[in-house]
Amino acid sequence: KRILKDKGQYRANLSIRQIIEASKSGDDWAKELINDTARYLAFTVACMTGVLNPEVICLGGGVIENVDGLISTIVKNVEGGVPYMPKIVASPLGKNAVILGTVNLVLAEVMDFTMLKTFV
């Protein structure tokens, strides 16, 4: 919001798609916003790495899918700031991630219930 107000681009209904398109068109305010997003994501990844020590961190969503070089920017910002560098990748599930996760949770519940009934 601060960047958008400073650059005179603040609009309440500005979508992420519009920001990405503006960034690809070379608009400085959009590029700055994307770079800030990369820094915030890198900070979050570094915090998660320090607490959980994962081997892989998989990121997904519209920004990750549509901004070229975002993963490599996040990696550069995380490197050197954590004791162990996880592999940071973009999710291959894309827009299907939420529904596949939901199906996975439902199947896990059904399978646990079914297995419980077999032993009781």
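In case you missed it, the structure is sitting above this.
Residues numbered from 1 in each chain as written. Predicted model: local features only at pLDDT ≥ 70, side-chain atom pairs only at ≥ 80, totals over all residues. Heavy atoms only, no water.

Asker: Please clarify how the overall build of the protein chain should be interpreted in this entry.
Answerer: A count of helices and strands for the protein chain gives six helices and two strands. When the elements of the protein chain are put in sequence order from the N terminus, they spell out α-α-α-β-α-α-β-α. Long-range pairs, those at least 24 residues apart, make up 61% of the contacts in the protein chain with a sequence separation of at least 6. Carbon together with sulfur atoms contributes 58% to the accessible area of the protein chain, which is approximately 8,600 Å² in total. (Helix = DSSP H or I, 4+ residues; strand = E, 2+ residues; numbered from the N terminus. Contact = heavy atoms within 4.5 Å. Areas by Shrake-Rupley, 256 points an atom, 1.4 Å probe, with all protein chains shown as cover.)

Asker: What is the right way to look at a nonpolar patch on the surface in this model?
Answerer: A surface patch of nonpolar side chains, about 690 Å² in accessible area, is lined by Leu-93, Ile-99, Leu-100, Val-103, Val-106, Leu-107, Val-110 and Met-111. You can see Val-103 is positioned in helix α6 (residues 97-119). (Patch = residues over 30% accessible without salt bridge, like charges linked within 9 Å, V, L, I, M, F, W, Y side chains within 5 Å. Salt bridge = Lys/Arg side-chain N within 4 Å of Asp/Glu carboxyl O.)

Asker: Mind showing me how you'd approach the packing of helix α3 (residues 28-52) against helix α5 (residues 70-78) here?
Answerer: The geometry of a pair of packed helices is captured by two quantities: the angle between their axes and the separation between those axes. Between α3 and α5, whose axes approach to 8 Å, the crossing angle comes to 55 degrees. The angle between α3 and α5 falls in the class oblique. The chirality of how α3 crosses α5 is right-handed. Note on element contacts: α5 touches α3 through Leu-70, Thr-73, Ile-74, Asn-77 and Val-78, opposite Ile-34, Ala-38, Arg-39, Leu-41, Ala-42, Val-45 and Ala-46. Residues belonging to the contact of α3 with α5 are distributed by class as follows: nine nonpolar, two polar and one charged. (Axes fitted to C-alpha atoms, helices over the stretch in contact; angles between N-to-C directions. Parallel < 35°, antiparallel > 145°, perpendicular 65-115°, else oblique. Left-handed = near helix turned anticlockwise from the far one by under 90°. Nonpolar A, V, L, I, M, F, W, Y, C, P; charged D, E, K, R; others polar.)

Asker: Explanation requested: α3 in the structure shown.
Answerer: Working note: α-helix, 3.6 residues per turn, so residues spaced by three or four point in the same direction. With 25 residues, α3 should reach 36 Å at 1.5 Å per residue; the first-to-last C-alpha distance of 36 Å fits that figure. Restricting attention to buried positions, one finds in α3 the residues Trp-29, Ala-30, Leu-33, Ile-34, Asp-36, Ala-38, Ala-42, Val-45 and Thr-49. Taken from the residues just after α3, Asn-53 is the one with a positive phi, measuring 50 degrees. (Expected span 1.5 Å × (residues − 1). Buried < 20%, exposed > 50% of the residue type's maximum accessible area, 1.4 Å probe, protein only.)

Asker: What exactly am I supposed to notice about the pattern of salt bridges here?
Answerer: Side chains bearing opposite charge may pair, as long as their charged atoms lie close to each other. Under the criterion given, the structure shown has one salt bridge. In this structure, the salt-bridge partner of Asp-36 is Arg-39, at a minimum N-O distance of 1.9 Å. You can see Asp-36 and its partner Arg-39 sitting in helix α3, three residues apart, about one turn around the helix.

Asker: Whenever I open this one, the packing of helix α2 (residues 16-24) against α3 confuses me. Can you help?
Answerer: Two numbers describe how α2 lies on α3: the axes approach to 7 Å, and their chain directions differ by 115 degrees. Judged on the interaxial angle alone, α3 and α2 are roughly perpendicular. Helix-helix and strand crossings are classified by hand; for α2 and α3 the assignment is left-handed. For the pair formed by α2 and α3, the contact residues are Ile-19, Ile-20, Ala-22 and Ser-23 on the first element and Trp-29, Ala-30, Lys-31, Leu-33 and Ile-34 on the second. For the contact of α2 with α3, a count of residues per class yields seven nonpolar, one polar and one charged.

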